[in-house]
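Architecture at a glance
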Amino acid sequence: MIFSIILAYLLGSIPTAVWYGKIFHGVDVRQHGSGNAGATNSLRTLGKKAGIIVLIVDFLKGFLAVKAASYFSTEIDSILPLAMGLAVIAGHIFPIFAQFRGGKGVATAMGVLVATFPWAALGCMVVFMIIVLATRYVSLGSILGALAFPIQLTFNLWNDNADKYAIGFAWLIFIILAVMHRQNIQRLLNGTESKFGAKK
């Protein structure tokens, strides 16, 4: 189990935005824009193509890490997929291959959600899209979309029959993403948060 969790962390540690920026643009995205090594900052700093590629790869990191759990455990009710999901998110946020300075974990977390509870993940995506379209705040959409995950599992909205470990896992993911967006939350409260599509 420890070995598989380490592998998930290492997979999450692949710093997609950092490596893509350095290889194809000769820049470190962490030194531009919001300073975040994620899809949104890649989009704003390097363009649409970079943003899409980073988003897809970061999503796949989370999705594949959870799906790989079946190769390490045959127990139907194993908590290993949840542990590997948390490990890959931790790797994305604190990547060993990029001086432990990574992204905020949203795309990777979404990959984890789709692999574990796809209907709840769809609900999170719907909330995210509604909030972003209504406010143009990607950060607010990410936070509220993350909050929708544990709420759906806690109230069993999709008959997922999530056990206490899965519900705790869902709340922990929300807390992690909320903490990673703490500066965005402060800017939202101050009215200084950047809107999606706004001119630099």
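Here, the structure is the one placed above.
What you see is a predicted model, and the numbers here were worked out from it, not measured in a lab. (Residues numbered from 1 in each chain as written. Predicted model: local features only at pLDDT ≥ 70, side-chain atom pairs only at ≥ 80, totals over all residues. Heavy atoms only, no water.)

A separate point is the packing of helix H8 (residues 138-154) against helix H9 (residues 164-180). Packed helix pairs are characterised by how far apart their axes lie and by the angle those axes make with each other. Taken N-terminus to C-terminus, the directions of H8 and H9 make an angle of 165°; their axes are 9 Å apart at the nearest point. Considered as vectors, H8 and H9 are oriented roughly antiparallel to each other. Judged by the twist between their axes, the crossing of H8 over H9 is left-handed. Counting all contacts with H8, which are made through Ile143, Ala146, Leu147, Phe149, Pro150, Ile151, Leu153 and Thr154, the residues of H9 involved are Ala166, Ile167, Phe169, Ala170, Trp171, Ile173, Phe174 and Leu177. Classifying every residue of the contact of H8 with H9 by side-chain character gives 15 nonpolar, one polar and no charged. (Axes fitted to C-alpha atoms, helices over the stretch in contact; angles between N-to-C directions. Helix = DSSP H or I, 4+ residues; strand = E, 2+ residues; numbered from the N terminus. Parallel < 35°, antiparallel > 145°, perpendicular 65-115°, else oblique. Left-handed = near helix turned anticlockwise from the far one by under 90°. Contact = heavy atoms within 4.5 Å. Nonpolar A, V, L, I, M, F, W, Y, C, P; charged D, E, K, R; others polar.)

Along helix H3 (residues 39-46), the residues that are buried comprise Ala39, Asn41, Ser42 and Leu46. Down the axis, H3 shows its buried residues gathered within 160° of arc, on one side only. Buried positions along H3 lie against helix H2 (16-25) and helix H4 (48-67). Gly47, located one to two residues past H3, shows a positive phi value of around 115°. (Buried < 20%, exposed > 50% of the residue type's maximum accessible area, 1.4 Å probe, protein only. Arc of directions from axis to C-beta.)

This brings us to helix H7 (residues 118-135). Because the α-helix completes a turn every 3.6 residues, residues three or four places apart line up on one side. In this model H7 runs 26 Å from its N-terminal to its C-terminal C-alpha over 18 residues, within 8% of the 26 Å that 1.5 Å per residue would give. For H7, every residue scored as buried is listed here: Ala120, Ala121, Gly123, Cys124, Ile131 and Val132. Taken around the axis of H7, the buried residues stretch over an arc of 160°, which confines them to a single face. Away from the buried face of H7 by more than 90 degrees, exposed residues Trp119, Ile130, Leu133 and Ala134 are located. (Expected span 1.5 Å × (residues − 1).)

With that settled, consider unusual backbone geometry. Phi is mostly negative for residues that are not glycine, and the peptide bonds are mostly trans. Although it is not a glycine, Phe100 adopts a positive phi angle of roughly 60°. Topologically, Phe100 is positioned in the loop between helix H5 (80-93) and helix H6 (106-116). The backbone phi angle of Asn156 is positive, close to 50°, even though this residue is not glycine. Tracing the chain through its elements places Asn156 in the loop between H8 and H9.

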